[in-house]
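Below, each chain spelled out in residue letters.
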Amino acid sequence: MAEWQVVWVPDSGRWGVLPDEDVLGVRDLPAAVAWIGLRPGDPVFVGPDGTVDAGLLEFVLSDSFRRLERETKRNYATDIRPLLTFLSSRGVSWRRASPRDLADYRDWRCRAVENPQRIGGTKWNREAAAFTKLFRWAGVEPLPVDVGRREDRAADSVSSNVLWLTPRTWRLWSDIGLRGHLGPGLPAAGWESRTELRNTSFVQLLLGSGLRRQEGGSLLTFEVPVERLRHGRYCHGQIAAAVTRAKVGRVFYATVDAVGQVEAYIASERAWAVQRAQQQGRYERLAGLRLVTGVRRGRRPVVEWVDRHGVAGRQELGRLGWRERQLLFVDGPDGPEPAWLWLTEQGLPMAPERWNGIFRQANQRCEQVLLTARERTVGRGLRLAEVRGRSPYATPLAARHSYALYMLVLLNTLLESRLGLTKADRRDFAMLFGDPWWLVKTLLGHADVETTKRHYLAPVAHLELESVLTAGRADTAGVLPAEDLDGVFACLARESQGIQDIDILLAGRADG
C-alpha cells in the first residue's frame, strides 16, 4: 500500500549539506521555504506519488494550524498521516472523506482484531481532535468526525502511559540504570559515566518536584530554586508559562536534597563540560548566541541580552520558550557559557526530548542486569505477559506520577498520624485548606482535581487511604514517621495495579 509521508522544516542552521545544484528547481531551498511562509517544525505532507499536497500545505499555513504549539503540530501531523494513507487505499480524496470513512477508520484503529497495533481511547481522542481541525478548516460537509460530538469521542480515555514506582524502586532503577550497579547495593567495578551526575540529578529533580520533562528540562541556571521554606525541607521556584503545557506559570516546590544534587552537578560535571566547550571554541561558532546582560526580578522577571551583532533585546522570562532559552548565555569567568542548565558532554544545551533516550537506556540496563538470558530473548511485545514485574521500567512522566502518589500518601500520613485529626477534624481542615487531593492537584499545576484522580492516581483513587496507612504503621503507638513510608508503599503496591515496588520485583526475580 502506497503511504503518505511527512517531512519537517528544519531549524535554522540545521538543514545539513544541500547539493550544489538546484533542489526541486530551487537554488536556495531554505529561503524558498521561508518565502512560502513555512516555519521551523512545520510539517509538509507528501502524497504517495511524491508530490506536495497543496491543500494540506494551505492548512499548515492557516491561522487555525499556525497558532498551535510546535509539539502539538507534530502530534497532529503524525496523527493525520495514517488517515491520509487509509483514505488513499480506498481511492478517496481527504476532502471527500465521509462519516462512514471515518467510522471505518476508527473501527480499524481501535477495535479491529486484525490490527496488531490498536490504540486506546486517549489516543483516539487526540487523533479525532486533529481530524476535526483539518476537516472543519477545509469546510468538509457533513463533518466526517467532530471531537465535540459525544459519539465521536472515546469513553475509555484514561492514559495508558501512567506508571508509578515506589521511592525505593526508583533508587534501585537509578542505581542499576544510571549508576551501573549490578544489583541492589552492588556497585560495578570499573563503571564510568561522564554524565552520571547530570542524569541522576535530573531524575531526582523530577521526583522531588513533580515537574514535567519539558518544565524541568528547560530550566536556566538562575532559575534553580534557592529560597527555602520555613522548615527548610523544600525550596520554591517559578516555572515559566511558555514551557508549561497550559501556558500558565506557577510556583513549584523541590526538595532540598534534589536541589543540592543539581548544585553539585553545576559545580562539577557541568563546569567541566563548559570548560571543554570553551577550549574547543564551540560557543564562538554559535550564530544565534544571546549574551544576557541583566535579569530584572519582580512579579514578571525580564531578561535583557545583546546578540553577536550588538543588537539589544529583552523579553519577559515567562514568555521565553525552550528553544529561545537555549540561545541565552551568561558571562562566566572564562567567557560565555550557556544559561541552559542541562548540557550534553559537548557542553551544548540538551533538548528536553533527549531525556527519553536516557530513560530508555536505563530501562535496558535494568533488563540486562535483572532479567535472565532466556527472559531477554522474549520479544518486547510479549514480555509483559511473560516477564511481568521482573525489572523496573520508568519514564520522565512516571517520575511526575510517582511524585503525585508520594505526596498524596505523605499528606494523608501527616493528617492521620502527625496531626492526630479525627474525621470531623479532617472535614474542618479540608474546608479551610483543601483535602490532600486538592493539595496534590495544586502541586502538579492541574486545573481540575478530577484530572489528578483519574489520570495520575487512578490506582489509589478508590482506596480508603486510612486503612492503608493503618496497615503500614510500624510501631505500637500508631505513628508512622513521614520519612519512613516504605511499608505504606509496599501495601499500596500489593493492593493496587500498576505500582512497581522492589518487594514484588525481587520476589518475581527469585521465582524466575
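First, a word on what this report is: a plain description of the structure on this page. Please read these numbers as outputs of a predicted model, since none were measured by experiment.

1. Things to note about the packing of aromatic side chains
Here's step 1: All told, the structure shown has 13 aromatic pairs when counted by the stated rule.
Here's step 2: Ring geometry for Phe-59 against Phe-65: centres 5.1 Å apart, planes inclined by 55°, an arrangement best described as tilted.
Here's step 3: Residue Phe-59 is classed as buried on the basis of its relative accessible area of 0%.
Here's step 4: In this structure Phe-65 comes out as buried when scored by relative accessible area, which is 1%.
Here's step 5: Taken together through their ring pairs, the aromatic side chains of Phe-86, Tyr-105, Trp-124 and Phe-131 make up a single cluster.
Here's step 6: Over the aromatic face of Trp-8 sits the side chain of Arg-74, whose NZ or CZ is 4.0 Å from the ring centroid.

2. What to know about the sheet that holds strand S11 (residues 335–338)
Here's step 1: Across the sheet, five strands lie side by side as S9-S8-S7-S10-S11; this open sheet has mixed pairing. Where the open sheet ends on each side, the last strands, each with one partner, are strand S9 (312–316) and S11. Pairwise comparison of adjacent strand axes, ignoring direction, gives a mean angle of 45° for this sheet.
Here's step 2: Two elements, strand S10 (residues 328–332) and S11, share four bridges in a ladder whose sense is antiparallel. By the bridge assignment, Phe-329 is partnered in S11 with Pro-338.

3. Description of unusual backbone geometry
Here's step 1: Cis geometry is adopted by the peptide bond preceding Pro-142, which originates at Glu-141 and carries an omega value of -10°.
Here's step 2: Within the chain, Lys-247 stands out as a residue other than glycine whose phi angle is a positive 60°.
Here's step 3: Mapped onto the elements of the fold, Lys-247 is located in the loop between strand S5 (234–239) and strand S6 (250–255).
Here's step 4: Among the residues examined, Lys-247 registers a relative accessible area of 32% and is labelled partly exposed.

4. Details of helix H2 (residues 54–61)
Here's step 1: Gly-55, Leu-56, Phe-59 and Val-60 are the residues of H2 that are buried. Seen from one end, H2 has its buried residues packed into an arc of 145°, which puts them on one side.
Here's step 2: Each element contacted by the buried residues of H2 is listed here: strand S2 (43–46), helix H3 (63–66), helix H4 (70–89) and helix H6 (121–138).
Here's step 3: The N-cap residue of H2 is Asp-53: its side-chain oxygen and the backbone nitrogen of Gly-55 are 3.0 Å apart.

5. Focus on the pattern of salt bridges
Here's step 1: Tallied over the full model, the rule gives 26 salt bridges.
Here's step 2: Its salt-bridge partner being Arg-111, residue Asp-107 comes within 3.7 Å of it at the nearest N-O pair.
Here's step 3: Under the relative-accessibility criterion, Asp-107 is labelled partly exposed at 35%.
Here's step 4: Glu-223 is paired through a salt bridge with Arg-325; the nearest N and O atoms lie 2.6 Å apart. Of this pair, Glu-223 sits in the loop between helix H9 (213–217) and strand S4 (227–228) while Arg-325 sits in helix H11 (residues 322–325), and the two are 102 residues apart along the sequence. Accessibility classification places Glu-223 together with Arg-325 in one group, the buried group.
Here's step 5: Each of Asp-79, Arg-109, Lys-123, Arg-126 and Glu-127 takes part in salt bridges that share partners, so that together they form one network.

Conventions and cut-offs
- Residues numbered from 1 in each chain as written.
- Predicted model: local features only at pLDDT ≥ 70, side-chain atom pairs only at ≥ 80, totals over all residues.
- Heavy atoms only, no water.
- Phe/Tyr/Trp six-rings, centres within 6.5 Å; stacked < 30°, edge-to-face > 60°.
- Buried < 20%, exposed > 50% of the residue type's maximum accessible area, 1.4 Å probe, protein only.
- Lys NZ or Arg CZ within 6 Å of the ring centre and 35° of its normal.
- Pairing = 2+ DSSP bridges.
- Helix = DSSP H or I, 4+ residues; strand = E, 2+ residues; numbered from the N terminus.
- Axes fitted to C-alpha atoms, helices over the stretch in contact; angles between N-to-C directions.
- Arc of directions from axis to C-beta.
- Contact = heavy atoms within 4.5 Å.
- Polar contact = N/O pair within 3.5 Å; in protein donor to acceptor, adjacent residues only side chain to side chain.
- Salt bridge = Lys/Arg side-chain N within 4 Å of Asp/Glu carboxyl O.

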